[in-house]
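If you want the building blocks of each chain, they are given just below.
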Amino acid sequence: MAIELSKGSKLNLSKKEPTLKKVMIGLGWEMSSNNVMDLDASVFMLGENGKIPADEYFVFYNNLQSPDGSIKHTGDNRTGLGDDDDEMILANLPLINPIIKELVIVVSIHEAEARKHHFGLLKNAYIRLVDVESSREVVRFRLDENNANFTEIEFGRLKREEDGWHFIASGVGTSIGLQGYVDKYV
Ligand SMILES: [Ca+2]
Ligand SMILES: [Ca+2]
């Protein structure tokens, strides 16, 4: 059973998940009306200094793979139509370049400001992290009216520790656009 995070809750799963190797980040959504909304899942791969070492270590809809081949985005979904995960990012953690110390996982709404979109317009929307080897859902975060003021969520971070990669859930909402994250990490 996955742990569900509510707004603002923090959960350190590192003691429970010390051996993550392959993980899938799944993003699924439906609109509560006939409009379409374009959600995007992205990963920032940060070095020791908290910045990406090169532009290609920002994996998103326009850069589907990291230079080390460890992170693969399966492609942009612009509507969310259909069940299950609409957008996916696969991470093979042992392949990650040793200079990378942390992954920041973000979900954002494309052109949210221009389209007046926010998470409150969604239904059955979530971002989740699955341990691929056990097929177990480690954590799921719901994107709903509780996040209505926000247009992005920092879902969580994978941190490199001496004994492997640990997932730390964040669930922090922002309204700075995906560009705001780029400005922070580039
Ligand atoms: Ca998308
Ligand atoms: Ca969907």
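Everything below is about the structure shown above.
A brief report on the enclosed structure follows. What you are looking at is a predicted structure, and each value in this text was computed from that prediction instead of being measured.

What follows covers the coordination of the calcium ion (ligand 1). Coordination sphere of the calcium ion (ligand 1), protein contribution only: Asp38 (OD), Leu39 (O), Asp40 (OD), Asp76 (OD), Asn77 (O) and Glu87 (OE), at 2.3 to 2.6 Å. Read in sequence order, the donor residues coordinating the calcium ion (ligand 1) give the pattern D-L-D-x35-D-N-x9-E. Overall, the relative accessible area of 28% leaves Asp76 in the partly exposed class. On the accessibility criterion, Asn77 (16% relative accessible area) is buried.

For helix α2 (residues 177–185), the complete set of buried residues consists of Leu178, Gly180, Tyr181, Val182 and Tyr185. Looking at the buried side of α2, the elements it contacts are β4 (39–46), β5 (58–59), β8 (102–109), β11 (152–161) and β12 (164–174).

As a further point, take the packing of aromatic side chains. Evaluated as defined, the whole model comprises six aromatic pairs. Ring geometry for Phe44 against Tyr185: centres 5.1 Å apart, planes inclined by 50 degrees, an arrangement best described as tilted. Here Phe44, found in strand β4, pairs with Tyr185, found in helix α2; they are 141 residues apart in sequence, far enough to count as distant. The exposure classification of Phe44 matches that of Tyr185, with both residues buried. Aromatic pair Phe155 and Phe167: ring centres 5.4 Å apart, planes at 45 degrees, arrangement tilted.

Our focus in this paragraph is the layout of surface pockets. Looking at the largest pocket, its volume works out to about 230 Å³. Elements with a contribution of two residues or more to the lining of the largest pocket: β8, α1 (112–115) and α2. When residues of the lining of the largest pocket are assigned to their parent elements, the largest contribution, three residues, is made by α1. Residue classes in the lining of the largest pocket are distributed as five nonpolar, five polar and four charged.

As enumerated under the stated definition, the model contains eight salt bridges in all. A salt bridge links Asp85 to Arg128, with the shortest nitrogen-to-oxygen separation between them at 2.7 Å. Remark: Arg128 occurs in strand β9 (residues 122–131) and Asp85 occurs in the loop between β6 (71–73) and β7 (87–92); sequence separation between them is 43 residues. A single burial state applies to Asp85 and to Arg128, both of which are buried. Between Arg115 and Glu111 there is a salt bridge, with the nearest N and O atoms lying 3.0 Å from each other. For Arg115, a relative accessible area of 37% puts it in the partly exposed group. Here the salt bridges share partners, and the residues they tie into one network are Asp85, Arg128, Glu137 and Arg140.

Rules behind the numbers
Residues numbered from 1 in each chain as written. Chains lettered and ligands numbered in written order. Predicted model: local features only at pLDDT ≥ 70, side-chain atom pairs only at ≥ 80, totals over all residues. Heavy atoms only, no water. Donors = N, O, S within 2.8 Å, 3.2 Å for Na, K, Ca; no water. Buried < 20%, exposed > 50% of the residue type's maximum accessible area, 1.4 Å probe, protein only. Helix = DSSP H or I, 4+ residues; strand = E, 2+ residues; numbered from the N terminus. Contact = heavy atoms within 4.5 Å. Phe/Tyr/Trp six-rings, centres within 6.5 Å; stacked < 30°, edge-to-face > 60°. 1 Å grid on protein atoms, 1.4 Å probe; cavity = no way out; pocket = protein on both sides within 12 Å on 5 of 7 lines; lining within 4 Å. Points joined across faces, edges and corners; volume = space filled by probe spheres on them. Nonpolar A, V, L, I, M, F, W, Y, C, P; charged D, E, K, R; others polar. Salt bridge = Lys/Arg side-chain N within 4 Å of Asp/Glu carboxyl O.

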